[in-house]
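# Examination of the molecular architecture
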Amino acid sequence: MKCKQAFMHGPFDLRIEEVELPALLPNQVLIKLGACGICGSDVECFEGKSAEGRYDIAPYTPGHEWAGKAVEVGSAVTSVKIGDKVVGDCVLPCFQCANCKDNKMSSACLNMREVGFRPDSPGGFGEYMILEEAYTHVIPEDWPYELGAWVETFNVGYWGVWGNGCDPDASDTVAIVGGGPIGLTAAMVAKESGATVVLIDPLPARRENALKYGADYVLDPTASPIEEQVLELTNGKGASVVIEASGNDIGIASVFDIAGHSARIGLIGHSIGRKVNVEIGKTIWKTLKISGSGGTTRWFPRTIRFMSKIKDKYDFAALNTHHYDFFDLADAMDLAVNHKDIARKVMLTFKDMD
Ligand SMILES: [Zn+2]
Ligand SMILES: [Zn+2]
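### With respect to the side chain of Ser291
Tracing the backbone shows Ser291 in strand β15 (residues 289-292). Within the structure, the side chain of Ser291 is placed 3.2 Å from the backbone oxygen of Asn164, a separation counted as a polar contact. Here Ser291 is in contact with Asn164, Cys166, Ile265, Gly266 and Leu267, once residues within four sequence places are set aside.

Dropping the structure here:
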C-alpha cells in the first residue's frame with residue numbers, strides 16, 4: 001500500500017514523499033493518523049540543534065506525539081482491534097536484552113528504538129504508520145484524536161512527577177521550572193496530588209496560561225532573584241519538590257537554589273551534550289534527592305487513566321494554539337520554528353478521520 005510520509009533528511013530538509021508501506025508483521029498494527037503534535041524536540045532536530053534525531057542514519061519520519069485509528073492488525077495481535085483509537089510509546093525497549101531483562105528503563109535498552117527519531121521507528125508525520133502491538137495503547141472512543149496526541153507529552157510530565165520518587169502530596173509545595181507543554185502537564189499532575197503548585201517562567205503569556213493548568217502561583221525569574229521569591233512564598237522553607245521542565249541552563253541552575261532542605265528534585269528538561277554550571281554543594285548541605293526522567297516503561301495505560309479523570313477539568317483543546325493539515329507541514333514547521341513565543345503547541349491534523 002502506498003502512502004505519504006514526511007522524511008527528515010537533515011537540518012531544515014523535511015520532505016513529504018510517497019512510500020510503499022511494508023507488509024504488516026503478525027505482531028504489528030497499521031495506524032491511520034488522526035493528529036500529531038510538533039514537539040520542541042522535533043523543532044530542535046529540524047534546526048540541527050539536537051543529536052536526538054538520527055541524521056547519521058537518516059532519513060527518518062518524525063512525530064512521537066500522535067494518535068490515530070487501527071485500520072489493520074497483524075494475525076497475532078489480541079489487545080488492539082480494527083477501529084480502535086490508539087496512541088503509542090516513544091521510547092521502544094526490546095524486552096529481550098540484558099538491560100531489559102534486568103528491569104532497567106526503556107532508555108537503557110541495548111536495542112532501543114525511538115519513534116520519530118530514527119529510520120527503524122517511523123513516527124506520526126505521515127498518513128499511516130506501523131507499530132508493534134506491545135507499544136500500542138487503546139484510548140477511549142470518545143476522545144478526540146488531538147487529546148490522544150497529548151498522551152505522550154502528559155506521560156513525560158506524569159512520570160517526571162510520580163514515576164521516580166518525587167511523589168508529591170498535599171503537604172508539599174511543588175516548584176515547576178518552565179511553563180512549556182511538559183511543565184504544564186507536570187503542573188496538572190502536581191495539582192491533582194493536592195500539593196501547592198508554583199510555576200516559574202520568564203514569559204508572561206506562559207505564566208498566565210499556567211494558572212489555568214494547575215499552578216496556584218506563578219513567578220517571573222527575571223523580576224528579582226528567584227531563590228528569594230520562592231523563599232518568600234514558602235515562609236523561608238523553599239520548595240519541597242522541584243520539577244525542572246525548561247532544559248534551560250539558568251532554569252537548571254535555579255533548581256538547587258529554590259529547593260528546600262530534603263527536597264526531592266525531578267529533572268525532565270534536556271541538557272544532553274553540554275555542561276551546566278550549578279551549585280552542586282547545595283545537594284549535600286540540603287540533602288537533596290535528585291532523579292532523572294528519560295523515557296518510561298509501561299506507563300501509558302496509567303497515563304490514559306489519569307487523563308480520563310482530569311480531561312474535562314482542564315481545557316486540553318486550548319493547549320493547541322495552531323492547527324495545520326499534514327500536507328501543510330512546511331508552514332506548520334515554519335511557525336513552530338520561527339514563532340516559538342506564540343506556538344504553544346502546533347497540531348497536525350489529517351483529513352477524512354472520524
Ligand atoms: Zn515530545
Ligand atoms: Zn532491550
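Moving on from the model shown.
### Topic: the domain arrangement of the protein chain
By domain assignment, the protein chain separates into domain 1 (2-150 + 316-349) and domain 2 (156-292). For domain 1 versus domain 2, the separation of C-alpha centres amounts to 28 Å. In this complex, domain 1 contributes eight residues to the contact, which on the side of domain 2 involves eight residues. Around 680 Å² of area is buried between domain 1 and domain 2 when both sides are counted, 72% of it from carbon and sulfur atoms. Per-residue buried area on domain 1 facing domain 2 is highest for Trp150, Leu319 and Arg344; these three make up 52% of the total on that side. One can count zero salt bridges joining domain 1 with domain 2.

### Let's talk about the coordination of the zinc ion (ligand 2)
Donor atoms from the polypeptide that coordinate the zinc ion (ligand 2) comprise Cys94 (SG), Cys97 (SG), Cys100 (SG) and Cys109 (SG), at 2.3 to 2.4 Å from the metal. Between the four donor atoms coordinating the zinc ion (ligand 2), the angles at the centre fall across 102 to 119°, so the site counts as tetrahedral. Of note, the donors binding the zinc ion (ligand 2) are all from one chain and are spaced C-x2-C-x2-C-x8-C.

### Topic: the packing of aromatic side chains
According to the stated counting rule, one finds 10 aromatic pairs in the structure shown. When the ring of Phe95 is compared with that of Tyr135, the centres are 6.0 Å apart and the planes differ by 20°; the resulting orientation is stacked. Taken together, the positions of Phe95 in the loop between β6 (91-92) and α2 (98-101) and Tyr135 in the loop between β8 (128-132) and β9 (136-138) put the pair 40 residues apart, joining distant regions of the chain. The exposure class of Tyr135 is buried, given its relative accessible area of 6%. Note on Tyr158 and Phe306: the rings are 4.6 Å apart at their centroids and 55° apart in plane angle, and the pair reads as tilted. One end of the pair, Tyr158, is in helix α4 (residues 151-162); the other, Phe306, is in helix α10 (residues 300-310), and 148 residues separate them in sequence. For the pair Tyr158 and Phe306, one class covers both residues: buried. One aromatic cluster in this structure is built from Phe154, Tyr158, Trp299, Phe306 and Phe316. We note Lys85 situated over the ring of Tyr145; from NZ or CZ to the ring centre the distance is 4.8 Å. Taking NZ or CZ as reference, Lys345 lies 5.6 Å from the ring centre of Trp150, over its face.

### Here we look at helix α7 (residues 226-233)
All of the buried residues in α7 are Ile226, Gln229 and Val230. Projection of α7 onto a plane perpendicular to its axis shows the buried side chains occupying an angular sector of 95°, all on one side. Away from its buried face, by an angle of more than 90 degrees, α7 presents the exposed residues Glu228 and Glu232. Of the surrounding secondary structure, the elements contacted by the buried residues of α7 are β11 (196-200), β12 (217-219), β13 (239-244) and α8 (249-258). Immediately downstream of α7, the backbone of Asn235 shows phi near 55°, a positive value.

### Comments concerning the state of the cysteines
With the rule as written, the count across this model stands at zero disulfides. Here Cys3 stays unpaired: no disulfide links it, and the sulfur of Cys36, its closest cysteine neighbor, is 13 Å away. With no disulfide of its own, Cys45 lies 8.9 Å from the sulfur of Cys39, the closest cysteine sulfur. Look at Cys45 and you get buried, because its relative accessible area is 1%.

Rules used throughout
Residues numbered from 1 in each chain as written. Chains lettered and ligands numbered in written order. Predicted model: local features only at pLDDT ≥ 70, side-chain atom pairs only at ≥ 80, totals over all residues. Heavy atoms only, no water. Helix = DSSP H or I, 4+ residues; strand = E, 2+ residues; numbered from the N terminus. Polar contact = N/O pair within 3.5 Å; in protein donor to acceptor, adjacent residues only side chain to side chain. Contact = heavy atoms within 4.5 Å. Domains from an automatic or database assignment. Buried area = accessible area lost by both parts, 1.4 Å probe. Salt bridge = Lys/Arg side-chain N within 4 Å of Asp/Glu carboxyl O. Donors = N, O, S within 2.8 Å, 3.2 Å for Na, K, Ca; no water. Tetrahedral: all angles 85-135°; square planar, octahedral: opposite > 155°, others 65-115°. Phe/Tyr/Trp six-rings, centres within 6.5 Å; stacked < 30°, edge-to-face > 60°. Buried < 20%, exposed > 50% of the residue type's maximum accessible area, 1.4 Å probe, protein only. Lys NZ or Arg CZ within 6 Å of the ring centre and 35° of its normal. Arc of directions from axis to C-beta. Disulfide = S-S within 2.5 Å.

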